[in-house]
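# Commentary on secondary and tertiary structure
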Amino acid sequence: MGLTAGIVGLPNVGKSTLFNAITKAKVLAANYPFATIEPNIGVVEVPDERVDKLTKLYNPKKTIYTTFEFRDIAGLVKGASKGEGLGNQFLSHIRTTDAIVQVIRCFDDDNVVHVDGSVDPLRDIETIMIELIFADMEVIEKRMPKIRKRAELKLDNEAVEEYILLEKILEGLKNEIPIRAQDLSDDEMKLIKNFSFLTAKPILYVCNISESEINDYSNNIYVKQVQEVSKKDQANVVVISAKIEQELQELDPEEKGFFMEELGIKRSGLDELISVSYEVLGLKTFFTAGEKEVRAWTFKDGMKAPECAGIIHSDFEKGFIRAETISYEDLIIAGSESKAKEMGKFRLEGKEYRAKDGDVFHFRFNI
């Protein structure tokens, strides 16, 4: 599945530094606004020790991890929704992503200028949130006149339903409540899906702290402020030092492990970022495994077996017959497929089976 997260934030908060760390790319990371104009796109492998263990079990010719796409999107300034700065480009780039990752500066450094003159995470969050809200309001205010007459005359039930919902959402936005934090049902969310509303997208706040606080940021007042506001905004929070993460990615695995041990951290901030991004988007992983290839695949929680088969190839979904299935845990305990079958751990699942994280599938299909 081609899933993407857009890395956003005000200028000079560490967006491009974080992007460099994620992709090991060398995109421009300069100490001035708008250093990034076109969105840099990078695809990163999702770390998963289950893939490593399956590879040892099957000894395949090829191992493929599932991937996640991150986009480093140009810095935003106040007035972006009205075209200020690179606002129009920013908003169009972010509209095509599945989730928003907002990098927030949570460190003081006189050598790194802040676009607003001082470090204030709450102001930075509000600046971007307001611009996204304004952009969504503009979409609604352009749409409502087009369906108003049909809705008022009640000649079109869909128009009535849409108009009432847009009125409700607009009122919430006017009160600075993002769509994801409004009390909307699943059916209402489906009704507005095609609008690609910005404040309906899941959001993740990344607190970028100084290197000196990497193993203890408990006294960082900025992080505490972000954690508090995240509850209201229905956002998740990850705390990292983008600079350290970039340094880690430049080391070989052995050096990286030693450096992390020296810093007193067990898991890199990037691994945590990817893990929480998956959680925010409701993503899970299934596997296919054999002598030719061990591969991880991303699917949306709640998908049925035929839909998962369709992720591999559309023909697999069309001609789906059944899925031979075993859980990753049962396979590892058994030590081999043959032993797992002897233990009765292999199952035959049909079209209504909802895939679970860690399922190892062999799909049977007929075109």
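Reading the values: the criteria
- Residues numbered from 1 in each chain as written.
- Predicted model: local features only at pLDDT ≥ 70, side-chain atom pairs only at ≥ 80, totals over all residues.
- Heavy atoms only, no water.
- Helix = DSSP H or I, 4+ residues; strand = E, 2+ residues; numbered from the N terminus.
- Buried < 20%, exposed > 50% of the residue type's maximum accessible area, 1.4 Å probe, protein only.
- Contact = heavy atoms within 4.5 Å.
- Areas by Shrake-Rupley, 256 points an atom, 1.4 Å probe, with all protein chains shown as cover.
- Disulfide = S-S within 2.5 Å.
- Pairing = 2+ DSSP bridges.
- Salt bridge = Lys/Arg side-chain N within 4 Å of Asp/Glu carboxyl O.
- Axes fitted to C-alpha atoms, helices over the stretch in contact; angles between N-to-C directions.
- Phe/Tyr/Trp six-rings, centres within 6.5 Å; stacked < 30°, edge-to-face > 60°.
- Lys NZ or Arg CZ within 6 Å of the ring centre and 35° of its normal.

### As for the overall build of the protein chain
Counting its regular elements, the protein chain contains 14 helices and 12 strands. Among the 367 residues that make up the protein chain, the fraction classed as buried is 50%. Sequence separation of at least 24 residues holds for 69% of the intrachain contacts in the protein chain that already meet a minimum separation of 6. Working note: accessible area of the protein chain is about 18600 Å², and carbon and sulfur atoms make up 47% of it.

### What to know about the environment of Pro11
With respect to the element layout, Pro11 can be found in the loop between β1 (4–8) and α1 (15–23). Pro11 sits in the buried class, given a relative accessible area of 2%. Along the backbone, Pro11 and Val103 are 92 residues apart, and their C-alpha atoms lie at a distance of 10.0 Å.

### Things to note about the state of the cysteines
Between two cysteines, a covalent bond joining their sulfur atoms is known as a disulfide. Summed over all chains, the structure comprises 0 disulfides. Here Cys106 is not cross-linked by a disulfide; its sulfur's nearest cysteine counterpart is in Cys207, at 3.9 Å.

### Side note on α1
With 8 of 9 residues buried, α1 lies mostly within the body of the structure. The set of residues buried in α1 consists of Lys15, Ser16, Leu18, Phe19, Asn20, Ala21, Ile22 and Thr23. Lys24 lies just past α1 and shows a positive phi near 60°.

### Regarding unusual backbone geometry
If you check the backbone angles, Ser196 has positive phi at about 50° while not being a glycine. For Ser196, the location among the structural elements is in the loop between α6 (186–191) and β6 (203–208). With relative accessibility at 28%, the residue Ser196 sits in the partly exposed group.

### Some remarks on the pairing of β6
Extensive coverage of β6 is indicated by the burial of 6 of its 6 residues. Inspection of the sheet shows strand β5 (residues 99–105) paired to β6 by 6 bridges, in the parallel sense. Looking across to β6, one finds that Val103 is bridged to Val206. Pairing geometry for β6 and strand β7 (residues 236–240), over 5 bridges, is parallel. The residue of β7 that forms the bridge with Tyr205 is Val237.

### Some words on the pattern of salt bridges
Applying the stated criterion to the full structure yields 18 salt bridges. Its salt-bridge partner being Lys232, residue Asp233 comes within 3.2 Å of it at the nearest N-O pair. Looking at Lys232, the relative accessible area reads 56%, which means it is exposed. Of the charged contacts in the structure, one is a salt bridge between Glu324 and Arg364, with a shortest N-O distance of 3.1 Å. Placement of the pair is Glu324 in strand β10 (residues 320–327) and Arg364 in strand β12 (residues 359–365), with a sequence separation of 40 residues.

### Quick notes on the sheet that holds strand β4 (residues 67–72)
With respect to topology, 6 strands assemble into an open sheet ordered β2-β4-β1-β5-β6-β7, the strand pairing being mixed. Each having just a single partner strand, β2 (40–45) and β7 make up the two edges of the open sheet. Each strand of the sheet is rotated relative to its neighbour by a mean of 25°, with strand direction disregarded. Pairing of β1 with β4, which is carried by 4 bridges, proceeds in the parallel orientation. Within β4, the residue paired with Ala5 across the bridge is Phe70. Across the face of the sheet, helix α4 (residues 121–152) comes into contact with β1, β5 and β6 while running at roughly 150° to β5. In the packing of helix α7 (residues 221–233) onto the sheet, contacts are made with β5, β6 and β7, and the angle to β6 comes to roughly 175°.

### A few points about the packing of aromatic side chains
Counted under the stated rule, the structure contains 12 aromatic pairs. Here the aromatic rings of Phe286 and Trp297 are separated by 6.3 Å at their centres, their planes lie at 10°, and the arrangement is stacked. Placement of Phe286 in strand β8 (residues 283–289) and of Trp297 in strand β9 (residues 293–300) is noted, with a sequence separation of 11 residues between them. Here Phe286 falls in the buried class, since its relative accessible area comes to 0%. Classification of Trp297 by relative accessible area gives buried; the value is 11%. Where Phe286 meets Phe363, the ring centres are 6.1 Å apart and the plane angle is 90°; that geometry is what we call edge-to-face. With a gap of 77 residues between them, Phe286 in strand β8 and Phe363 in strand β12 connect regions that are remote in the sequence. Among the residues examined, Phe363 registers a relative accessible area of 11% and is labelled buried. These aromatic residues form a ring-pair network of at least three members: Phe286, Trp297, Phe299, Phe320, Tyr353, Phe361 and Phe363. When the ring centre of Trp297 is taken as reference, the NZ or CZ atom of Arg295 above it lies at 4.0 Å.

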